[in-house]
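Architecture and fold: a report
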Amino acid sequence: MDQSVAIQETLEREENCTIVSFFCSHALVYGLLIPEKKDCLFETKIFIYNHRRMAITGDDVSLEDIIPISLDFAVVEVFCVVCLILGADTRVRVSYCEEELELRLPFGSHSRCFLTEVNRAWSGRSSLRVISLAPASTTVGKLNQHRKTGLLSDFYFVEINRHSSYSGISSREDRDDLVRSSSHTPSNKAQILTMPQFGLRDTLIRCELLKNEESYTYLENFSFFLGTYNVNGQSPKESLRPWLSCTLNPPDMYCVGFQELDLSKEAFFFNDTPKELEWTKAVSEALHADAKYALVKIVRLVGIMLIFFVKKEHAEFISEVEAETVGTGIMGRMGNKGAVAIRFCFHNSDICVVNSHFAAHIEEYERRNQDYKDICSRLQFRQLDPTQPPLTIMKHNVVLWIGDLNYRISDLDVDNVKELISNKDFETLHTYDQLKRQIDKEAVFDGFLEGDIDFQPTYKYDTGSDNWDTSEKCRVPAWCDRILWKGKNIEQKHYHSHMALKTSDHKPVSSMLIVGRINGEAYKKTFEDIVRNIDKMENECIPSVSLSQREFDFKDVKFMQHKAQTLSLFNDGQVPCQFEFIQKPNEPTYCKPWLTANPYKGFIAQGGSVDIELEIFVNRTTAPELNFGKQMIEDILVLHLERGKDYFISVTGNYLPSCYGTPINLLCQLREPIQDMTQETLRKLVSIVLNTEKPLDIPKELWMMVDHLFRNAIKQEDIFQQPGLRSELAEIRDCLDTGMPDSLPGSNHSVAEALLLFLDSLPEPVVPYHFYQQCLESCSNASQCEKVISMLPQCHQNVFNYLAAFLRELLKNSASNRLDVNILATIFASLLLRSPMKQDFAEKRKTQEFFQHFLIQGSS
Amino acid sequence: MAKQYDVLFRLLLLGDSGVGKTCLLCRFTDNEFHPSHISTIGVDFKMKTVVIDGIKVRIQIWDTAGQERYQTITKQYYRRAQGIFLVYDITSERSFQHIMKWASDVDEYAPDKVQKILVGNKSDEVDKRQVATEQGVKLAKAYGMDFFETSAFTNHNITESFTRLAEQVLAANKKDLDLLRMSVNDELNLTALEEEEGLCDSGTGDQGKGCWC
Ligand SMILES: Nc1nc2c(ncn2[C@@H]2O[C@H](COP(=O)(O)OP(=O)(O)O)[C@@H](O)[C@H]2O)c(=O)[nH]1
Ligand SMILES: [Mg+2]
C-alpha cells in the first residue's frame, strides 16, 4: 500500500519536497523527504507520522516528529544476536542532538531503500541546524509548537522505545533494556550504517586474487645485450668482439642495431644492399663465445638494421615474432631516417625492440621529437587474429629502444664541451644534452628510463681514430647513440661506449639490461592455484544449511486434525542465508493446500538455526479428494537458499477416509463404517456406481447424529448455538468413521456441532449447487419451494426432509431449548443451500426465506 | 588477472542414484573423493573455473537427486543447462539401461542447443563390471555423443570429460564467444563485459523465482 500519498497531503505547498522513501513500522510511518529546491532552510529530514489505520489520506496521519539529517545525526545498526536469528527486522539506532530512538525496520527492500536514502542524505548533509528557524506556518513550524506542549515524549516511549537523555523521563529499566539489546553506542558517529554488502563476496575474491598474485609469482632474470652502432656506410673492417663480447657472462639475448649501414643510392631507392649480410656475419662472429645463439630475426629499412639473436636454450620460449619498419625521412616516408622494430613474446611477456635513426642537425631536436611520435603511432605490428586491432609499440610490457637518436649538446661551445669531456665531467655535460632536456620536459620518450652516461660522446670522430671531428664543420661532440627502456623489473648492468672500434665516425654503444620476467611455468601454476583457491572459497561461500530431517511422515491424518512436525534448519555454511520454500511447476503455491510451512521464508545467520513448523490440516475443501484416494498426503517441498542450493523435503501421511467430506450418495451406499472399507472399494464406488444393493435412505452417520440429538438433546438449552469441544468432536468423528456404537460420545453441544460440520463438509450440499438458483427464485412461494425439493436426487431429498422434520421437532420444544424458526433458518439455510459463488446479503435472506417454509409447523 | 572469468555456463549431472554423480563433482572441483554415499536430495551446485582456448570459463555444475520420485521436479532444472552429463555405473547394467530414459527426458526438457556427453563411471571396479566399454561406445555413437569411462575414485578421465563437455558448449556458443573474443583486448569493452557478468551473476542469484521459468 502506497502511503506516500497520505504523507504528501500533509505537507504545506511551499515546502516543495519529494518523498524519497518511506516505510511503515508498527504504528508509525517514516518518510524521508528531501527539498526539491536546494533550499538551505530545508535539509533532508525524516518525518515520523502516527497513523490511525492504513493511511490513505492526509487525515489518517499526524506528524509526530521530524529528524533533520544534519551534522548531529547518526544512524547505527543495532546488532544483537536475537534479531539476526529472527532475521525479520533490521534494528537501527537513530540519534540526533541529544536524542536517540531505535527503529525496527521490517526486513525487505522498502526498508533497505529507506536506509540507503538516509545514508545518502547524511553524506550530503548540510551543517546548518535549522529546525528552530523554520517559519511557523510550515509543517516543521507546527511541529515545533507541538513539541513545546510536551505531548510527544510519552507516546514515543511506548511506541518506539524513545530515549531522551535530557528529558529525564526514561526510567532505569528502560535504559537497561536498550543497552542489553545493543552492543553499539550512538556516540560513535563514524559508524554510519552501511548497507548489507551482498557483493562483498566477489570483492573479497578479487582482493585475494591480487594479494596472492605478488607472493605466488616469482621473477626470473634474463640478460639483454643491446648494442647500437652508426657505421657511416662502412663495411666491417675489424672484429666487433670488443663491443659485443664485452660482458663476462654470455647474455641471453642480443639486440644489435645499426644505422647508416649503406649510404648508397641503391640502398636508398631499392632498399637493397650487400652490407646487410656483411654486418650480420660480423655480428654473429663477435657474439659471446661461451654460448650458442640462434638468429631469430633481421629487419632493415635502408641503412637501419636490427638483428635479434637468442641463446639457443631460450629459443623455444620465443613466439609471435613480428618485425616492422617506419620511414620518417624525406616527405615523412623515405627510409633514410626512421625505425625498425621487432616484437616477440618471451614466456608471458610481450617485448618490443626498436632501433631508430632520428633527424640530424643540432637545431632539429623538435623534428627528432616528432620522429619519435611518428614512429610510436605509425609502427604497427599485425596480429595473428585479423579481427584484432594492430599492436603498437607502447602496448608491449617491455620496450627497449636503441639507435642514433641524434640529440646533440646545445648551448655550449665546442671548447667548453671538449673541456668537460677531458675532465670526465659527464654529469655537467649531460645537463646540456638535448635528449635529457626533452625527456625532462616530457616532450619525448615519456615513461622511458636511461642509465647514467659515464662515457664520452660517441660522435663525431675522424674515421679510423679516436680524434674528434677535424673537418671544417668541426661538429660539437654529442651523445647521438643511446639506449633507453620502458617496463617493469628492468635493471641496467652496464652502459658503455666502445672506443676500440674505429671503422665509423660514431663509436658503438652497448648496454646490458636485466629484464625480470615472470617465469612461465610458475605463472601458469600460480594462476591455476589462485583460480582453484577462488573456486574453493566460492564453493565454501555457497549458502548451505543442514536439515534435521528430509522426510516427514505424518502417519495417520484425520479430517480436521491439526498435525505438526518441526523441521530445523541449521546454517552450516560460511555465510548468512535466506531461505524460502519455492513454488513448483504447475502448482499455484509452494505446497499442497492441506500443508503449510511456518515460516515459509526467512533468514538464518551463520551458525544460527530456525525451526519451521510443517503443519497439516485437512479441511472440507481438501477432504473430498483425499477420501477416495484421488489425492494422497504426499508432497515435495523445495526449500531454496538464495544464491544456493535447493533441498527437497518430502511430506507423506496416510489419510484416513472420513464421512466428513464424502458426498451423500456415496455415504448412502456404505453399510459399513467408511474406514472398514478398502481404498480399492472406495475408489470403485466413486468411479462405477456399484448398485449391487439398495442404497440406504440417508447416510447412517447422519442418522446416528440426528437420532442421538433427538433422543438426548431435544430440550437442550442453546442447542446449535453453543460450540462443542474440540476433543469431543474428534471422538465423534472417529466413532462415525470406525464403528456403529449405540450412542455417540461427547456432550449434546458437541454432537450438534459435529452435525453442522458434517453438513458443511459435504462436497455437494444437501440442496445441490445446480438447484440453488431455482431455490432463490421460488423462495417466496411455499409450494414452489416444495416442488424444488421434490426434484432433488432421492438421497438428497431424504436428507433434506429428515433434517427438516428433526428441526420441526426441536421447535416444538422451543420453550426449553429456546430455538425459534429464525435461528434455525439462519443456521441451516447457510449449510443446506450453499451458493456456488460468493453469496451476497440479499441472497442469504432468500435462502433463509426458502428454508423457513419447511420449518413452519404442519408443512409436509 | 582482475577479471575472474570471461564466460559462465551451467552443466548438469544426470543419472540414477548411486552412479557417482556427486563423487564426480567433488573430484572435479575439490579433487577429493568421499566413499560414503549420502544421496543427494535436492539440487546442489559447485563452481569451477577452467581455461579453455585462452578463455576463462566459469562453470556452474549442478548435481541432482537421482531418485525417481524427485524427477518431476529435477526436470525443471534441465532447461537452464547448456551441457549435460549422462552418467551410468559400469557395474550396474540397470543404470546403463536407464540412460535411454534420461536421454529422452533431456530431449523433452532441456534446450535444443544443449550439449550432451555419456559417462560410464567406476571404471576402477574391473571385477564388478557389467557394462562393456563397447556397449558404452555404441550407445554414445547412436546418440552422437562423446563417451568417457571415468573413475571418481582414481581420478581417471575426470578433467578430460568435464573439459570436453565445456569445449563442446563453447563451440556450440561460438557466435557469442567470437564477439567476446573481439572485445578482449579492448579495455573499454572490458567494463561492458564485466557488467554483463554481473547480469550473469544475478541470474544465478535469483534462482528463487527464476527457477521454473
Ligand atoms: N569404486 C568407485 N566407487 C565410486 C566411484 N564413484 C562413486 N563411487 C561410489 O558410489 C557411491 C555413490 O556415489 P555418489 O556420488 O553419492 O552417487 P550419486 O547418487 O550419483 O550422486 C558412493 O559410495 C561412492 O563411494 C568410482 O569412480 N569408483
Ligand atoms: Mg548424489
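Nothing here was measured: the structure is a model prediction, and the numbers come from that model.

Rules used in this analysis
Residues numbered from 1 in each chain as written. Chains lettered and ligands numbered in written order. Predicted model: local features only at pLDDT ≥ 70, side-chain atom pairs only at ≥ 80, totals over all residues. Heavy atoms only, no water. Helix = DSSP H or I, 4+ residues; strand = E, 2+ residues; numbered from the N terminus. Buried < 20%, exposed > 50% of the residue type's maximum accessible area, 1.4 Å probe, protein only. Areas by Shrake-Rupley, 256 points an atom, 1.4 Å probe, with all protein chains shown as cover. Near = heavy atom within 4 Å. Polar contact = N/O pair within 3.5 Å; in protein donor to acceptor, adjacent residues only side chain to side chain. Nonpolar A, V, L, I, M, F, W, Y, C, P; charged D, E, K, R; others polar. Salt bridge = Lys/Arg side-chain N within 4 Å of Asp/Glu carboxyl O. Core = buried A, V, L, I, M, F, W, Y, C linked by side-chain atoms within 4.5 Å. Contact = heavy atoms within 4.5 Å. Axes fitted to C-alpha atoms, helices over the stretch in contact; angles between N-to-C directions. Parallel < 35°, antiparallel > 145°, perpendicular 65-115°, else oblique. Pairing = 2+ DSSP bridges. Expected span 1.5 Å × (residues − 1). pLDDT = per-residue confidence, 0-100.

**Here we look at the overall build of chain A**
Scanning chain A from terminus to terminus reveals 27 helices and 30 strands. When burial is assessed residue by residue, chain A has 52% of its 860 residues classed as buried. Surface exposure of chain A reaches about 39,800 Å², of which carbon and sulfur atoms provide 51%.

**Observations regarding the site of ligand 1**
Residue and element names in this part refer to chain B. Taken together, 19 residues lie around ligand 1, and Gly18, Thr22, Pro35, His37 and Asp124 are the ones closest in. Contact distances for ligand 1 include 3.3 Å between an oxygen atom and a backbone N or O atom of Val19. A distance of 3.0 Å is found between an oxygen atom of ligand 1 and a side-chain nitrogen or oxygen belonging to Lys122. Protein contact buries 90% of the 570 Å² of open area that ligand 1 shows by itself. Of the residues forming the shell around ligand 1, the biggest block, 3 residues, is contributed by helix H1 (residues 21-30). Among the residues making up the shell around ligand 1, the classes are represented as 6 nonpolar, 8 polar and 5 charged.

**As for the pattern of salt bridges**
If charged atoms from side chains of opposite charge come close, those side chains can pair. All names here are of chain A. Under the definition given, this model contains 37 salt bridges over all chains. With a closest N to O distance of 2.5 Å, Asp411 and Arg437 form a salt bridge. Pair noted here: Asp411 is in the loop between strand S18 (398-404) and helix H12 (414-422) and Arg437 is in helix H14 (residues 434-440), with a separation of 26 residues, a long-range link. One salt bridge in this structure joins Arg711 and Asp707, with 2.9 Å as the shortest N-O distance.

**A short note on the nonpolar core**
Residues and elements named next belong to chain A. Phe720 and Phe828 are the most contacted members of the largest nonpolar core, which totals 101 residues. In terms of residues, this core owes the most to one element, helix H24 (residues 794-812), which gives 9 residues. Sequence-distant contacts of Phe828, defined by excluding residues within four places in its chain, comprise Phe720, Leu756, Leu759, Leu807, Leu833 and Phe851. Judged by nonpolar contacts, the second largest core, of 44 residues, contains Cys255, Ala294, Val417 and Leu429.

**Brief notes about the environment of Phe47(A)**
Along the chain, Phe47(A) falls in strand S3 (residues 45-51). Placed 20 residues apart in sequence, Phe47(A) and Ile67(A) show a C-alpha to C-alpha distance of 6.4 Å.

**Considerations on the packing of helix H23 (residues 782-790) of chain A against helix H27 (residues 841-855) of chain A**
Residue and element names in this part refer to chain A. At a minimum axis distance of 9 Å, the contact between H23 and H27 shows a crossing angle of 90°. With respect to H27, the element H23 is oriented roughly perpendicular. The segment H23 lies against H27, with Ala782, Cys785, Glu786 and Ile789 engaging Phe850, His853 and Phe854. Residues belonging to the contact of H23 with H27 are distributed by class as follows: 5 nonpolar, 1 polar and 1 charged.

**Describing the sheet that holds strand S13 (residues 318-327) of chain A**
All names here are of chain A. Strand order in the open sheet formed by 5 strands is S13-S14-S15-S18-S19, with mixed pairing between adjacent strands. For this open sheet the edge positions go to S13 and strand S19 (481-486), each flanked by a neighbour on one side alone. Ignoring strand direction, the axes of neighbouring strands in this sheet form an average angle of 10°. Summarising the sheet, S18 and S19 pair through 6 bridges and their orientation is antiparallel. Each residue of the ladder has a partner; that of Ile402, found in S19, is Ile483.

**Regarding helix H6 (residues 158-172) of chain B**
What sets the pattern is the α-helix's 3.6 residues per turn: residues three or four places apart point alike. In this model H6(B) runs 21 Å from its N-terminal to its C-terminal C-alpha over 15 residues, within 8% of the 21 Å that 1.5 Å per residue would give. All of the buried residues along H6(B) are Ile158(B), Ser161(B), Phe162(B), Leu165(B), Ala166(B), Gln168(B), Val169(B) and Leu170(B).

**Concerning unusual backbone geometry**
Here the amide bond leading from Tyr459(A) into Lys460(A) is cis, since omega sits at 0°, within 30 degrees of zero. Tracing the chain through its elements places Lys460(A) in the loop between H14 and S19. Between Asn598(A) and Pro599(A) the backbone carries a cis peptide bond, its omega angle lying at 0°. Within the secondary structure, Pro599(A) is located in the loop between strand S26 (595-598) and strand S27 (601-604). Of note, the phi angle at Asn232(A) is positive, near 55°, even though the residue is not glycine. When you line up the elements, Asn232(A) lands in the loop between strand S9 (219-230) and helix H8 (241-244). For Lys122(B), which is not a glycine, the phi torsion comes out positive at approximately 70°. In this fold, Lys122(B) is placed in the loop between strand S5 (115-121) and helix H5 (133-143). Residue Lys122(B) is classed as partly exposed on the basis of its relative accessible area, which comes to 23%.

**Points about the confidence of the model for chain B**
Residue and element names in this part refer to chain B. Taken residue by residue, chain B gives an average pLDDT of 81. The fraction at 70 or more is 79%. Of the regions scoring below 50 in pLDDT, residues 1-5 engages in 22 contacts with residues more than four places distant in sequence or in other chains. When the criterion is pLDDT under 50, residues 183-213 qualifies, and its contacts beyond four places in sequence or with other chains add up to 49 contacts.

**A look at the side chain of Asn157(B)**
All names here are of chain B. As for its placement among the helices and strands, Asn157 is situated in the loop between strand S6 (146-149) and H6. For Asn157, a relative accessible area of 19% corresponds to the buried category. Polar contacts involving the side chain of Asn157 include one to the side chain of His156, which spans 3.4 Å. Residue contacts for Asn157: discarding those within four places in its chain leaves Phe148, Glu149 and Thr150.

**Some remarks on the packing of H1(B) against H6(B)**
All names here are of chain B. Interaxial distance between H1 and H6 falls to 10 Å at its minimum, and their mutual angle equals 90°. Put simply, H1 runs roughly perpendicular to H6. Residues Leu24, Arg27 and Phe28 of H1 form the contact with H6, whose participating residues are Ile158, Thr159 and Phe162. The residue makeup of the contact of H1 with H6, split by class, is 4 nonpolar, 1 polar and 1 charged.

**Brief notes about the confidence of the model for chain A**
Residues and elements named next belong to chain A. On average, residues of chain A score 79 in pLDDT, and 72% of them reach the 70 mark or higher. No element of chain A has a lower mean pLDDT than helix H5 (residues 152-160), which averages 26, and none a higher one than strand S10 (residues 253-259), which averages 97. Contacts of residues 79-88 to residues separated by more than four positions or lying in other chains number 21 contacts, the stretch itself having pLDDT below 50. For the stretch residues 126-202, pLDDT sits under 50, and the model shows 145 contacts to residues farther than four places along the chain or on other chains.

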